[in-house]
Amino acid sequence: MLTRAQTAPMRPVFNRGVKHKSFYISKEPRYPEYHLIKKCARSKLKISAKANFSVLASCKRFASEKRAMSFNFNPRVLNLKPTTEYTCEVLHCTDIGGLSLTNDTRYDYYSIFGNTLAAVNWSCVPTAGVFYLLNRTMNYTDAVRECDNKSSVLADVISEKRTEALAQLLSEADTECAYVSLKRNNGGHFAVTNGDALECMSYRAWAPGHPKKGDKGDCVVLTRHQTWQSVPCGKKQAVICELIPGKPYTKRYFTNKLMPHF
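Fair warning: this is a prediction, and the values are worked out from it, not measured in the lab. (Residues numbered from 1 in each chain as written. Predicted model: local features only at pLDDT ≥ 70, side-chain atom pairs only at ≥ 80, totals over all residues. Heavy atoms only, no water.)

A. Fine view of the overall build of the protein chain. Tallying secondary structure elements over the protein chain gives three helices and 16 strands in all. By the burial criterion, 52% of the 262 residues in the protein chain qualify as buried. Accessible area of the protein chain: about 12200 Å², with a carbon and sulfur share of 51%. (Helix = DSSP H or I, 4+ residues; strand = E, 2+ residues; numbered from the N terminus. Buried < 20%, exposed > 50% of the residue type's maximum accessible area, 1.4 Å probe, protein only. Areas by Shrake-Rupley, 256 points an atom, 1.4 Å probe, with all protein chains shown as cover.)

Written as structure tokens, this is what we have:
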């Protein structure tokens, strides 16, 4: 289910020209980095898991194991209601624009997304990431540029969960399809924008008759019907961008840390 930010203000650290990779592609996971977003604050987002830990590192490890984007932590272990409140609250999604944060001197709020103040009308997909649908149509090159201007990249759809969740986002917006990160490389094989070849991954969601051969289908769109279609890169389409995690309040560029695949 999507949690949508309704009003303004608001994935890995970017260095321009460095290709990004997902956290959990390798057999040994590289856990996300959680940042202190606000002290004496507690998010009211849905709690997906909770436990009692006396040190922050244990709470971070617990959040990583749960594939969480954010958590509340009580560093003082004070004034908690027995059996109902815990020092470590792992959250269903991540706060966008401070909309879920309340003043609470017992807790501090942490997230892998430190730049959410810059996001307007982004949608959080639990355990997957934060996404933005651009309904204004454009070609693939402009789509890449537009996402980069929003401290994001074209959305990764190489998992059933991501394909289904983002197809739902399209359906809710009454949008037929949108550019995503898959593209045919110089060798004639499809790869995601971090360079990982699709042929090395098990998941596929091609629509019947796709992918098309030659320059008739070098780029890929996700449809509202949970399928991928290959299209000419010059064709104007809507766009799905994926926000990049990073430290608070700084613009990010390409990096090696994105949300995991599930």
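B. Looking closely at the state of the cysteines. Under the criterion given, the structure shown has four disulfides. The disulfide partner of cysteine 93 is cysteine 124, and the S-S distance across this bridge is 1.6 Å. In this structure the cystine formed by cysteine 93 and cysteine 124 twists about its S-S bond by roughly -105 degrees; its chirality is therefore left-handed. Placement of the pair is cysteine 93 in the loop between β6 (88-91) and β7 (101-103) and cysteine 124 in strand β9 (residues 123-125), with a sequence separation of 31 residues. Each of the two residues, cysteine 93 as well as cysteine 124, counts as buried. In this model, cysteine 147 is linked to cysteine 241 through a disulfide, with the two sulfur atoms separated by 2.0 Å. The sign of the -85 degrees torsion about the S-S bond sets the cysteine 147-cysteine 241 disulfide as left-handed. On the criterion of sequence distance, the pair formed by cysteine 147 in helix α2 (residues 140-149) and cysteine 241 in strand β16 (residues 237-243) is long-range, its members being 94 residues apart. (Disulfide = S-S within 2.5 Å.)

C. Representation of the pattern of salt bridges in the model. A full pass over the atoms with the stated rule returns eleven salt bridges. A salt bridge links arginine 42 to aspartate 104; its shortest N-O distance comes to 3.7 Å. Linking arginine 42 in strand β3 (residues 41-43) with aspartate 104 in the loop between β7 and β8 (108-111), this pair joins segments that are 62 residues apart in sequence. Its relative accessible area of 12% is what places aspartate 104 among the buried residues. When the shortest N-O distance is used, the salt bridge between arginine 162 and glutamate 242 registers 2.9 Å. Linking arginine 162 in helix α3 (residues 160-172) with glutamate 242 in strand β16, this pair joins segments that are 80 residues apart in sequence. Both residues of the pair, arginine 162 and glutamate 242, count as buried. A single salt-bridge network, built from bridges that share partners, covers Arg42, Glu85, Glu89, Asp104 and Arg106. (Salt bridge = Lys/Arg side-chain N within 4 Å of Asp/Glu carboxyl O.)

D. Here's a closer look at α2. Every buried residue belonging to α2 is among Tyr140, Ala143, Glu146, Cys147 and Asp148, and all of these are buried. Residues of α2 that are buried make contact with β10 (129-138), β11 (152-154), β12 (177-184), β14 (219-223) and β16. The residue sitting at the N-terminus of α2 and contributing the capping side-chain oxygen is asparagine 139; that oxygen lies 3.2 Å from the backbone nitrogen of threonine 141. Serine 151 occupies a position one or two residues after α2 and carries a positive phi of about 55 degrees. (Contact = heavy atoms within 4.5 Å. Polar contact = N/O pair within 3.5 Å; in protein donor to acceptor, adjacent residues only side chain to side chain.)

E. Summary view of the sheet that holds β8. If you walk across this open sheet you meet the five strands as β2-β8-β5-β6-β4, and the pairing is antiparallel. Across the chains shown, the open sheet's two edge strands, defined by having one partner strand only, are β2 (35-38) and β4 (47-51). Here the average twist between neighbouring strands, direction ignored, is 30 degrees. The pairing of strand β5 (residues 70-73) with β6 spans three bridges and is antiparallel. Note on β6: the bridge partner recorded for phenylalanine 73 is cysteine 88. (Pairing = 2+ DSSP bridges. Axes fitted to C-alpha atoms, helices over the stretch in contact; angles between N-to-C directions.)

F. Representation of the environment of leucine 170. Locating leucine 170 in the fold gives a position in helix α3. For the pair formed by leucine 170 and threonine 223, sequence separation is 53 residues and the distance between their alpha carbons is 7.4 Å. When sequence neighbours within four positions are dropped, the list of residues in contact with leucine 170 reads Leu133, Thr175, Glu176, Cys177, Ala178, Leu222, Thr223, Arg224 and Ile240.

G. Region of interest: the packing of aromatic side chains. This structure, assessed with the given rule, holds eight aromatic pairs. Ring geometry for tyrosine 34 versus phenylalanine 71: centroids 5.2 Å apart, planes at 70 degrees, classification edge-to-face. In this pair, tyrosine 34 sits in the loop between β1 (3-4) and β2 while phenylalanine 71 sits in strand β5, placing the two residues 37 residues apart along the sequence. As far as burial versus exposure is concerned, tyrosine 34 and phenylalanine 71 are alike and both buried. Judged by centre distance (5.7 Å) and plane angle (75 degrees), the rings of tyrosine 203 and tryptophan 228 are edge-to-face. Here tyrosine 203, found in the loop between β13 (190-191) and β14, pairs with tryptophan 228, found in strand β15 (residues 228-231); they are 25 residues apart in sequence, far enough to count as distant. Take tyrosine 203 and tryptophan 228: they sit in the same class, and that class is buried. Aromatic rings pair up to connect Phe190, Tyr203, Trp206 and Trp228 into one cluster. (Phe/Tyr/Trp six-rings, centres within 6.5 Å; stacked < 30°, edge-to-face > 60°.)

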